[in-house]
Every structure is written in C-alpha cells, then in structure tokens.
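Listed here are the chains, written in short residue letters.
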Amino acid sequence: VIVCPAQFGTAEDYEGLTATLKAAGHPAVAVCGLTRFSWLRIVPNVFTEAFIKGELRATPTLDFFFEAIDEAVENVRRECGEDTEITFLGHSIGGWVMRAYLTERPDVRAKTSNICSLGSPNRSPP
C-alpha cells in the first residue's frame, strides 16, 4: 500500500493508519516521503499565466510529489517484488495527485490493483 498524504502531510501523520494496514496483513505500507516544506516547490507556478488562466498542468507543478511516489513504489517493489500489484490510498489532495500520477505513469498503473481516495477533491473547483 502506498499512502499519498494530504497537503503538508508527513509520514508521522499517518503512523496510526500505517500500523492498522500492516496489522490487517498488508506486507508493505509506504507513505510518500514529503515534508511540510515540500509544498513550497509549487510556489513558482502560482506566478505563471497558466495558473492565472486555470490551465496549470500536473507536471511539472507536482513533480516533487510524483518523485516521492516513485520512491515509495520502488520501496514497495524492493520489499515485495517487482511484479507485486500496488494499492494506492490518497488522502485529500493526495487522492487527486495519485490519480494524476497514475495517468502520467502507465507502467505503474498497469500494476495497480486498487485505488482509494479519502476526502479527495474529485470535481473541478467552481
């Protein structure tokens, strides 16, 4: 299981969830390795024409989050094997980022067994 945290979320925020998932029998649970400061990497994109027009693309804006997911995927595959199917769990904006990531990474999507989003924005903003 790979947990894609909410904005400003860290692995420590998901320790209870991680313990519950492991106790339920999931052999590997990885929370994307973000810090509260990781999100500052989107700031330069706020000052762009694409942002003002509402045309900002997931990449390169969220590359920092995609890189953290890539690392979590590698960790789970190292622990469980290259052919293991992965379950993704996204919380809040982490669910939206998870979907964007799987769109950009068809090789990972092909080996994804489940996705679950908790409180994620699934509609465009008004």
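## Section: the sheet that holds strand E2 (residues 30-31)
Piece 1. With parallel pairing, the 4 strands of this open sheet are ordered in space as E2-E1-E3-E4. The outermost strands of the open sheet, each flanked by one partner alone, are E2 and strand E4 (112-118).
Piece 2. Judged from the 2 bridges that link them, strand E1 (residues 2-4) and E2 form a sheet pairing that is parallel. Residue isoleucine 2 lies in a different strand from E2, and its bridge partner there is alanine 30.
Piece 3. Taken strand by strand, helix H6 (residues 93-104) contacts E1, strand E3 (86-91) and E4, and its axis lies near 140° from that of E3.

## Description of the side chain of threonine 18
Piece 1. Mapped onto the elements, threonine 18 comes out in helix H1 (residues 15-23).
Piece 2. Among the residues examined, threonine 18 registers a relative accessible area of 13% and is labelled buried.
Piece 3. For threonine 18, the contacting residues outside a window of four places in its chain are Val29 and Val31.

## Concerning the pattern of salt bridges
Piece 1. Inspection of every chain in the model, using the stated rule, returns 5 salt bridges.
Piece 2. Measuring nitrogen to oxygen at the nearest pair gives 3.0 Å for the salt bridge that ties arginine 36 to aspartate 13. A residue pair is termed long-range when its members are at least 10 positions apart, and arginine 36 in the loop between E2 and helix H2 (43-46) and aspartate 13 in the loop between E1 and H1 qualify at 23 residues.

## Description of a nonpolar patch on the surface
Piece 1. On the surface, a cluster of nonpolar side chains totalling about 840 Å² of accessible area is made up of Phe37, Leu40, Val43, Val46, Phe47, Phe51, Ile52 and Leu56.
Piece 2. Mapped onto the nonpolar patch, the elements with two or more residues apiece are H2 and helix H3 (49-52).
Piece 3. Looking at where isoleucine 52 falls in the secondary structure, it is placed in helix H3.
Piece 4. Under the relative-accessibility criterion, isoleucine 52 is labelled exposed at 71%.

## Side note on the environment of glutamate 15
Piece 1. Mapped onto the fold, glutamate 15 is located in helix H1.
Piece 2. Taking C-alpha positions, glutamate 15 is 9.0 Å from valine 31, a pair spaced 16 residues apart along the chain.

## Things to note about the nonpolar core
Piece 1. One finds Ile2, Phe65, Ile69 and Phe88 to be the most contacted residues of the largest nonpolar core, which totals 25 residues.
Piece 2. Here this core gets 8 residues from one element, more than from any other, and that element is helix H5 (residues 63-80).
Piece 3. In this structure isoleucine 69 touches Cys4, Cys32, Phe88, Val97 and Tyr101, once residues within four positions along its chain are discounted.
Piece 4. The next biggest cluster of nonpolar side chains, apart from the first, holds 8 residues, and it includes Val1, Ala6, Tyr14 and Leu89.

## What about the pairing of E3?
Piece 1. Most of E3 sits inside the fold, with 5 of its 6 residues counted as buried.
Piece 2. Where E3 lies against E4, 6 bridges are found, and the strand directions are parallel. When the bridges of E4 are listed, histidine 91 appears paired with leucine 118.

Cut-off values and rules
Residues numbered from 1 in each chain as written. Predicted model: local features only at pLDDT ≥ 70, side-chain atom pairs only at ≥ 80, totals over all residues. Heavy atoms only, no water. Pairing = 2+ DSSP bridges. Helix = DSSP H or I, 4+ residues; strand = E, 2+ residues; numbered from the N terminus. Contact = heavy atoms within 4.5 Å. Axes fitted to C-alpha atoms, helices over the stretch in contact; angles between N-to-C directions. Buried < 20%, exposed > 50% of the residue type's maximum accessible area, 1.4 Å probe, protein only. Salt bridge = Lys/Arg side-chain N within 4 Å of Asp/Glu carboxyl O. Patch = residues over 30% accessible without salt bridge, like charges linked within 9 Å, V, L, I, M, F, W, Y side chains within 5 Å. Areas by Shrake-Rupley, 256 points an atom, 1.4 Å probe, with all protein chains shown as cover. Core = buried A, V, L, I, M, F, W, Y, C linked by side-chain atoms within 4.5 Å.

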